[in-house]
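Geometric and topological summary
Letter by letter, the chains look like this.
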There are 2 protein chains.
Amino acid sequence: MITEPVSAKEIGRMLDKFSRPGLPKYTALRDAVVHAVASGKFAPGDRLPNEQELAEALPISLGTIQRGLRQLVDEGVLQRRHGQGSFIAGRTTNDEMSHPFHCRFIDDTGANYLKVYPKTTGRKQLSDKGLWSAALSAAKGVEITRVISIGKEFSVYSSFVVDALRLPIFSELSLRELDGENFKDLIFRASGQLIKRVDLFLRQAEAPKDALKALGLSEGAQCLCLKAIAYLTEGDAVYYQNIYIPPTNRELHVIADARASGFE
Amino acid sequence: MITEPVSAKEIGRMLDKFSRPGLPKYTALRDAVVHAVASGKFAPGDRLPNEQELAEALPISLGTIQRGLRQLVDEGVLQRRHGQGSFIAGRTTNDEMSHPFHCRFIDDTGANYLKVYPKTTGRKQLSDKGLWSAALSAAKGVEITRVISIGKEFSVYSSFVVDALRLPIFSELSLRELDGENFKDLIFRASGQLIKRVDLFLRQAEAPKDALKALGLSEGAQCLCLKAIAYLTEGDAVYYQNIYIPPTNRELHVIADARASGFE
DNA sequence: GCCCATTTGTGCGTATGTATG
DNA sequence: GCATACATACGCACAAATGGG
């Protein structure tokens, strides 16, 4: 008997939840698996039942199963190995955040990322119409400010805003609990959706007073300001973030989307 | 009789060229269409034969045709419209470069990109072992230096290196001809492959003398240095670029890849 | 080294649904 | 209503990679 951490029945139950008339079956299957991962039912490394078993256990044919699983591979949720099986993709859930902002600082060798240690410094309900509200098209926002130590060498300041109504989890967790969380994972678990793309805007400017103070910089100091808007689907922004980076020698690594046309 | 700018026979011929034992048929079909576009046989807006016709004309079944076409949609080469057909995606081939470096400066409104006017300033054969040779794993490189005017407001300096043997086109074209070219398109036409991803490395540093001189900056001036390494497929780097950006108020826009895990 | 079971990958043929004009 | 053309789905067959005996 082979260990079988993920049951086809469990997927079947999730599938029922996400099946809706009009929704393709391969999409329903995808959603079921994604939500199962998001809710912790499936853990990284878990093996899924093989294609045949799924096709038998679920009201979905083999080809359609394969299409759904292929999409999950494309999205990075699954890993499939010929002759072995399909596995929930690993996530390095360490103490430090794995991917703080879709871009990371690299060390001298260029091969490793500097570790990142976030410290939540404040939370505020926002109701003014700022740039964030236009980007998120939300009336109420929660701003979470953090000082993030980069490899204990220097720190950056982050202002992170989400729709307060849509993602109440960010208002509910204590600041202490937020510290250990990867915000992308949090969004994934709360919404069952993956962040599809992030628009980054880079500006050389003076940081706001809050940031200067938190980073211990003198007034008027120039910073690199990185604005990030993350989307779950095309046009559906889920968070708005400003990161202020003081002068540093360290290189910041971003992985850019190559087929970034997106136009008619 | 409906206008039919793209013949199934043409695709068939291309398909023969790209079919190789071991290569999936849907990949061969993809390559055939991509190369047909790259070589100018198909132009933006052209309509492909419908799925049925392709399935009849080519030794590929409907489902496999669909899979290949779907991939082309994902890559942005094709656009498919329900009830209408499959069309070669449009490219805004203007006088100015459309996407100089996977990231662009935006104007005051935030809605438009500043126009970009490249001016090629030099070309040099490289045979030393620089950082470029490690990135490209190439022994001989061609470096093309350019001064790129951003909306006629300010200029950035670019050093662009490709493998001289792999992409001789960059050595063959005159500097004048290179001016009007989008380098990504040039690579696409020469190799028939699309750039899949770009690694960006951002550094606050002093620019090299060449760059300072070309941009008319005083010695020791701090610049934003953007290093870009573009990949055709995972691990297959195709160009290495350094861009030096003088201090500016303008925002630089980058579209980041959201599923940027890429690790085990 | 070789066979074999397991499991994913590729490919075919067909049927039916649905958006467009 | 109707023809066109893409979209989804099924069921099957066989190829190819993997790991164990």
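What counts as what
- Residues numbered from 1 in each chain as written.
- Chains lettered and ligands numbered in written order.
- Predicted model: local features only at pLDDT ≥ 70, side-chain atom pairs only at ≥ 80, totals over all residues.
- Helix = DSSP H or I, 4+ residues; strand = E, 2+ residues; numbered from the N terminus.
- Buried ≥ 20, exposed ≤ 12 C-beta atoms within 10 Å, placed from the backbone.
- Contact = placed C-beta atoms within 7 Å.
- Near = placed C-beta within 6 Å.
- Nonpolar A, V, L, I, M, F, W, Y, C, P; charged D, E, K, R; others polar.
- pLDDT = per-residue confidence, 0-100.
- Axes fitted to C-alpha atoms, helices over the stretch in contact; angles between N-to-C directions.
- Parallel < 35°, antiparallel > 145°, perpendicular 65-115°, else oblique.
- Left-handed = near helix turned anticlockwise from the far one by under 90°.
- Pairing = 2+ DSSP bridges.

**Description of the overall build of chain A**
The number of helices and strands found in chain A is nine helices and 10 strands. Summarising its shape, the C-alpha atoms of chain A cover approximately 65 × 45 × 45 Å along the three principal directions. Taken across its 264 residues, chain A has 37% of its residues classed as buried. When contacts within chain A are restricted to residue pairs at least 6 apart in sequence, long-range pairs at least 24 apart make up 58% of them.

**A short note on the protein's contact with DNA strand D**
Neighbouring DNA strand D are 22 residues; P24, K25, S61 and G83 of chain A together with N50 of chain B lie closest to it. At the level of secondary structure, the elements contributing two or more residues to the surface near DNA strand D comprise α2 (25-38) and α4 (62-74) of chain A together with α4 (62-74) and β2 (85-88) of chain B. Its residues assigned to classes, the surface near DNA strand D shows five nonpolar, 14 polar and three charged.

**Description of the confidence of the model for chain A**
Residues and elements named next belong to chain A. The share of residues in chain A with pLDDT of 70 or more is 90%, and the mean pLDDT across the chain is 86. The least confident element of chain A, judged by mean pLDDT, is strand β10 (residues 251-257) at 82; the most confident is helix α6 (residues 169-172) at 95. Here residues 260-264 scores under 50 on pLDDT; set against residues more than four positions off or in separate chains, the count is five contacts.

**Let's talk about the packing of α2 of chain A against α4 of chain A**
Residue and element names in this part refer to chain A. Where α2 contacts α4, the two axes come as close as 8 Å, and the packing angle between them is 50°. As the angle between them shows, α2 and α4 are arranged oblique. Between α2 and α4 lies a crossing of right-handed hand. Across the interface between the two elements, K25, Y26, L29, R30 and V33 of α2 pack against T64, I65, R67, G68, Q71 and L72 of α4.

**Observations concerning the environment of P21 of chain A**
Residues and elements named next belong to chain A. Its place among the elements puts P21 in the loop between α1 (8-18) and α2. Look at P21 and you get exposed, because 4 C-beta atoms sit within 10 Å. Remark: the alpha-carbon pair of P21 and V142, spanning 121 residues in sequence, is separated by 35 Å.

**Brief notes about the protein's contact with DNA strand C**
Residues in contact with DNA strand C amount to 24 residues; listed here are only the nearest, N50 of chain A together with P24, K25, S61 and G83 of chain B. Looking at the surface near DNA strand C element by element, the count peaks at three residues for α4 of chain B.

**Quick word on the packing of helix α1 (residues 8-18) of chain B against helix α2 (residues 25-38) of chain B**
Residue and element names in this part refer to chain B. With their axes 8 Å apart at the nearest point, α1 and α2 run at an angle of 115° to one another. Considering how the two elements wind past one another, α1 and α2 form a crossing that is right-handed. Contacts between α1 and α2 involve E10, I11, M14, L15 and F18 on the former and, on the latter, A28, L29, D31, A32, V33, H35 and A36.

**Brief notes about the pairing of strand β9 (residues 236-245) of chain B**
Residues and elements named next belong to chain B. Among the 10 residues that make up β9, nine are buried, leaving the element largely enclosed by the rest of the structure. With six bridges joining them, strand β6 (residues 154-163) and β9 adopt antiparallel strand pairing. By the bridge assignment for β9, S159 is matched with N242. Relative to β9, strand β8 (residues 222-233) is paired through nine bridges, and the arrangement is antiparallel. Paired with K227 across the bridge in β9 is N242. In sequence, β8 turns back onto β9 through a hairpin of two residues, with G235 there showing a positive phi of about 85°.

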